[in-house]
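Observations on the three-dimensional arrangement
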Amino acid sequence: MSGPDALGAEALRTRALEALTAARARTALLTECVDDGELTAQHSPLMSPLVWDLAHIGNQEEQWLWRAVGGREALRPEIDPLYDAFEHPRSERPSLPLLPPDEARAYAAGVRDRVLDVLAGARMEGLPLLADGFAFGMVAQHEQQHDETMLITHQLRKGPAALHAPPPPEHPSVPLPAEVLVPGGPFTMGTSDEPWALDNERPAHTRSVAAFHIDTVPVTNGAYLAFMADGGYTDRRWWRPEGWEQVRAHALVAPLFWRQEGGRWLRRRFGVTEPVPEDEPVLHVSWYEADAYARWAGRRLPTEAEWEKAARYDPVTGRSRRYPWGDADPGPDHANLGQRHLRPARAGGYPAGASPLGVRQLIGDVWEWTASDFLPYPGFRAFPYKEYSEVFFGPAHKVLRGGSFAVDAVACRGTFRNWDHPVRRQIFSGFRTARSAELD
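The notes below deal with the structure included here. (Residues numbered from 1 in each chain as written. Predicted model: local features only at pLDDT ≥ 70, side-chain atom pairs only at ≥ 80, totals over all residues. Heavy atoms only, no water.)

1. Let's talk about the environment of Ala23
Relative to the helices and strands, Ala23 is located in helix H1 (residues 6–32). In this structure the C-alpha to C-alpha distance between Ala23 and Asp408, which are 385 residues apart in sequence, comes to 8.5 Å. When residues no more than four places from it in sequence are discounted, the contact partners of Ala23 are Ala140, Glu143, Gln144 and Asp147. (Helix = DSSP H or I, 4+ residues; strand = E, 2+ residues; numbered from the N terminus. Contact = heavy atoms within 4.5 Å.)

Written as structure tokens, this is what we have:
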């Protein structure tokens, strides 16, 4: 296969520059809205200090784009161990001799200046890392993923709001079916030709699922409140043993950041306390909570393959689309992405982003827990390093799909796979339920 011509390489350089620039602008937004004390504080033992993420972003960019792609000498090799996510768990990072805020900013900016010179001369072919500008796309996605992590830290921090954004757009409210039938049979899962897809999304392969029904929209706060009112957190029938242990050990009675006051439920959202909006998708629930709700409702969580078929399969053409709405990149009418809004849109929103079968909000708004463990696809090959995906494969992690309002479009597509421990609640996670069609 021949490499890109001059015009193709220039288009790839432009795309890479736009992705890197957008990620850095978001990083600046997340780190310049608070003072240095907030940057160096650990707001939760589950998260790193914001200043660690800031320098880690620069360090990864130095390692992959300045050193690996550019072939240049290391700028700060002595700090590599400090910003190795596998060498130091998050709980230990505040005690490390981290770069102070001004130095971390200067380091990340200095790396970026040098990387732009590398990008300007990159041929976008030859090395596997350079094919289709993959290395630049990988680094842009990495930074956006850490921006999402920093946004989670902002949600966990105490004190007044530091971030502000307009509410999601209001779309006309129309009656929608409660669920959609997805036909059984084979479909293409994963991808072999998405240029910036990561290793766990590859390769494309045929997967077959039996016919099933899936919720048209994610489960809402109002529906989840009904589960709570019916004793959902006090009836162990609905819970896996490990989930029930979590309920009992941590006295769980509601999603994270919810509290009851004066007979009504309130939530804390980025420093603002407000009534729980019943028409929004439920947020900040663990896999165990999602699974318990589904059992209570007489349903189940969809498998990862079912979720992807509902999101990508076009029954008219028989092909799998890049996104539910088609192959076009996400626009503001398609999905709630990119931290444009600091909350999910009302359930049923973004009609332009619906799948061919009519399923809504599969991309953006909330990450959706699936029933599946995080496992490799047939023919998986780790690239460019095992620590991105391979070391996480197995039953300890459950798959989430679809992205959330905190995810940028560069790090979200119909094949994108996220994963986390089933106890996690601080992430921007929700869910939808499914049932097998054979039960009709």
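2. So, unusual backbone geometry
A cis amide bond links Arg202 to the next residue, Pro203, at an omega of -10 degrees. Here Pro203 shows up in the loop between strand E2 (185–189) and strand E3 (205–209). With an omega of 0 degrees, the peptide bond running from Phe383 to Pro384 counts as cis. Among the structural elements, Pro384 can be located in the loop between strand E8 (367–374) and strand E9 (394–401). Notably, Met124 is not glycine yet its phi reads approximately 60 degrees, a positive angle. We classify Met124 as buried; its relative accessible area is 1%. A positive phi angle is found at Phe257, which is not glycine, with a value near 80 degrees. (Buried < 20%, exposed > 50% of the residue type's maximum accessible area, 1.4 Å probe, protein only.)

3. Section: the environment of Gln63
Within the secondary structure, Gln63 is located in helix H3 (residues 50–69). Sequence separation between Gln63 and Val111 is 48 residues, and the spatial gap between their C-alpha atoms is 9.7 Å. Contacts of Gln63, omitting those with residues within four sequence positions, involve Ala68 and Asp80.

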